[in-house]
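Residues per chain are reported as follows:
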Amino acid sequence: MVDCLKCKHRYRADELDLTKPCPHCGNTAWTEVRQFNMMFKTQLGAAADNSSIAYLRPETAQAIFINFKNVYSTNRVKIPFGIAQIGKAFRNEITPKQFLFRMREFEQMELEWFCKPEDADSFFEYWSQKRYAFYASIGITPEKIRLRPHKPDELAHYSKQCVDVEYEFPFGWKELEGIAHRASFDLQQHSTFSGKDLSVFDEETKISYMPNVIESSVGVDRLFLTLLFDGYREDVIESEERVVLSLHPTIAPIKAAFLPLSKKLNDPMHALYQEVKEKLTIESIFDDNGSIGKRYRRQDEIGTPVCFTYDFESETDHCVTVRNRDTTKQERIAIDQVIPYLHTLLQRG
């Protein structure tokens, strides 16, 4: 790391051209480049001495490797199989910044896929494509997502191959997820230093081997931030500005809103609302407060994909008006088609 001698801003030296002025103040005088420790150091117990030093975990993966043999034997699974988990991780970032993008404490999701060494390269490609497809499945703009392979000088010491899923944030292309071919490094290291044999026995070949691992690692907070960046927009409808959160239907907190045109129509609309909640068990909302236009805007802002409106014609034609959040297009559908309509919407997005 390096500090500006004038404004005291701190930077990672590998992300800065020290021949150019400080991006914050324009000064060209720097401290000496210094090493930094990203591990969170703490003390365990009441006495603070060298025997009580501990470090908070910088990733969640190692607990999976430690418990690999236990999971393998007690669940009676066969290679290949995966273990996934979510939990807190801590890194002593030099400059936490860009809202939720870079923090010292964050939530991490990781999947460790254990396979035979000869299958590892094909599984690496499989999981790279599978994880890339995941982001499309939750509605992230395809043009803003890419897979970037690591160059040889970027690879971590334990990786045979690595690819980053990157998203084009307002502050540039940044890593969203890392997919790594870790070979047998972790299991081998734990086996060596614990004295516990973590290899598995292949009944077909009658040979023991150390499984290889394909890892995908995602920051939950960073993914949440990505969804907000990708879904938020402002536009003008009928000379009126509106804020829209275009979340994919499968991840929108509220899937549908049920809006009686008048409070006199509350009972039949509330009956439909209750039927949908019971049969589809989805999160929906009933709203009869304010003008229909204001209610639409409220649902647009929180990302509700569709709104159903029960009006005075519904009494005779047994239909409701369904309004699409993104296009604002409205169409009439039969009341008995509301549940199939929502089922189809949530299936296809």
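Before any of the text, the structure's been laid out above.
Residues numbered from 1 in each chain as written. Predicted model: local features only at pLDDT ≥ 70, side-chain atom pairs only at ≥ 80, totals over all residues. Heavy atoms only, no water.

### A short note on the overall build of the chain
Inclusion rule: Only runs of H or I of at least four residues qualify as helices and only runs of E of at least two qualify as strands under DSSP, and these elements are numbered from the N terminus. Accessible area is worked out with a 1.4 Å probe on protein chains only. A residue is then buried under 20% of its type maximum, exposed over 50%, and partly exposed in between. The contact criterion used is simple: two residues touch if any of their non-hydrogen atoms lie within 4.5 Å. All accessibility values rest on the Shrake-Rupley procedure with a 1.4 Å probe; residue burial counts only the protein chains present in the view. Think of it this way: Lys and Arg go in the positive column, Asp and Glu in the negative one, and His and the chain ends go nowhere. Every charge is mapped onto a representative atom, which is NZ of Lys, CZ of Arg, CG of Asp or CD of Glu.
Looking only at helices and strands, the chain has nine helices and 19 strands in total. For the chain, the C-alpha atoms occupy an extent of roughly 75 × 65 × 45 Å along the three principal directions. Residue burial in the chain is summarised as follows: out of 349 residues, 40% are buried. Sequence-distant contacts, at least 24 apart, represent 59% of the contacts inside the chain between residues at least 6 apart. Counting only carbon and sulfur atoms, one obtains 53% of the accessible surface of the chain, whose full area is about 19600 Å². Here the chain contributes 45 positively and 52 negatively charged side chains, and the mean placements of these two sets differ by 3 Å.

### Description of the layout of surface pockets
Over the atoms a probe the size of a water molecule is rolled, and this reveals where empty space is left. Threshold: In this analysis a 1.4 Å probe is tested at points of a 1 Å grid over the protein atoms alone, and where it fits but cannot get out there is a cavity; an open set with protein on both sides within 12 Å along at least five of seven lines is a pocket; lining residues have an atom within 4 Å of a point. Grid points are joined across faces, edges and corners, and a volume is the space filled by probe spheres set on the points. All amino acids are sorted into three groups, where Ala, Val, Leu, Ile, Met, Phe, Trp, Tyr, Cys and Pro are nonpolar, Asp, Glu, Lys and Arg are charged, and the leftover types, Gly among them, are polar.
Here the largest pocket defines a volume of roughly 1300 Å³. Forming the boundary of the largest pocket are 41 residues, of which R12, R91, R102, E175 and R222 lie nearest the centre. Contributing elements (two or more residues each) for the lining of the largest pocket: β6 (105–115), β8 (161–169), β9 (172–183), β12 (212–219) and α5 (220–231). Element by element, the count of residues in the lining of the largest pocket is highest for β9, at eight residues. The residue inventory of the lining of the largest pocket, partitioned by class, reads 15 nonpolar, seven polar and 19 charged. Volume-wise, the second largest pocket comes out at about 270 Å³. Lining the second largest pocket are Y72, R76, V77, K78, I79, K116, V200, F201, D202, E203, E204 and Y209. Tallying contributions element by element places strand β10 (residues 200–202) first for the lining of the second largest pocket, with three residues. Considering only residue class, the lining of the second largest pocket consists of six nonpolar, no polar and six charged.

### Some words on the side chain of S216
Considering the arrangement of structural elements, one finds S216 in strand β12. Using a relative accessible area of 7% as the deciding quantity, one classes S216 as buried. What S216 contacts, discounting residues up to four positions off in sequence, is M109, E110, L111, R131, E177, G178 and I179.

### Quick look at the packing of aromatic side chains
The condition that has to hold: Note on ring pairs: Phe, Tyr and Trp rings are taken, using the six-membered ring of Trp, and paired if centres are within 6.5 Å. Classes follow the plane angle, with under 30 degrees stacked, over 60 edge-to-face and the rest tilted. To sit over a ring, a charge needs its Lys NZ or Arg CZ within 6 Å of the ring centre and within 35 degrees of the ring normal.
In the structure shown here, the tally under the stated rule is 24 aromatic pairs. Each ring, one from F171 and one from F229, has its centre 6.2 Å from the other, and the planes form 75 degrees; the classification is edge-to-face. One end of the pair, F171, is in the loop between β8 and β9; the other, F229, is in helix α5, and 58 residues separate them in sequence. Members of the aromatic cluster, joined through ring pairs, are F65, F68, Y72, F81 and F114. One Lys or Arg, R131, reaches over the ring of F134 and ends 4.5 Å from the middle of that ring. Sitting over the face of the ring of Y296, R323 holds its NZ or CZ atom 4.4 Å from the ring centroid.

### Notes on the pattern of salt bridges
Heads up, the condition is: Each salt bridge in this description consists of a side-chain nitrogen of Lys or Arg and a carboxyl oxygen of Asp or Glu lying within 4 Å of one another.
Here the structure, examined in full by the defined rule, presents 28 salt bridges. Ionic pairing is found between K88 and E105, a salt bridge with its closest N-O pair at 3.4 Å. With K88 in strand β5 (residues 81–90) and E105 in strand β6, this residue pair connects regions lying 17 residues apart in the sequence. Given a relative accessible area of 37%, K88 falls into the partly exposed group. Note that R148 and D164 form a salt bridge whose closest N and O atoms lie 3.5 Å from each other. A residue pair is termed long-range when its members are at least 10 positions apart, and R148 in strand β7 (residues 145–149) and D164 in strand β8 qualify at 16 residues. For D164, a relative accessible area of 5% corresponds to the buried category. Among the charged side chains, a network of salt bridges with common partners joins R233, D235, E240, R242, R297, D300, R323, R325 and D326.

### Details of the environment of K174
Mapped onto the elements of the fold, K174 is located in strand β9. You can call K174 partly exposed: its relative accessible area is 27%. Excluding residues within four positions of it along the chain, K174 makes contact with F101, V165, E166, Y167 and F169.

### Structural notes on the sheet that holds β6
The condition is simple: Being paired, for any two strands, means DSSP has found at least two bridges between them. Only C-alpha atoms enter the line fits that serve as axes; for helices the fit covers just the stretch in contact. Angles between N-to-C directions range over 0 to 180 degrees.
Spatially, six strands are ordered β5-β6-β12-β9-β8-β7 in an open sheet, and the strand pairing comes out antiparallel. Each of the sheet's edge strands pairs with one partner strand only, and the pair in question is β5 and β7. Strand-to-strand, the axes of this sheet are offset by a mean angle of 25 degrees, without reference to chain direction. Sheet topology places β8 next to β9; nine bridges connect them, and they run antiparallel. When the sheet's bridge partners are listed, E166 is paired in β9 with E175. Contacts between helix α3 (residues 120–137) and the sheet are confined to β6, β7, β8, β9 and β12, with β9 contributing the most and set at about 150 degrees to the helix.

### Section: empty space enclosed by the protein
Inspection of every chain in the model, using the stated rule, returns two cavities of 30 Å³ or more. There is about 50 Å³ of room inside the largest cavity. Together, I138, G139, I140, L227, D230, G231, S246, L247, H248 and I251 line the largest cavity. Along the lines of polarity and charge, the residues of the lining of the largest cavity split into five nonpolar, four polar and one charged.

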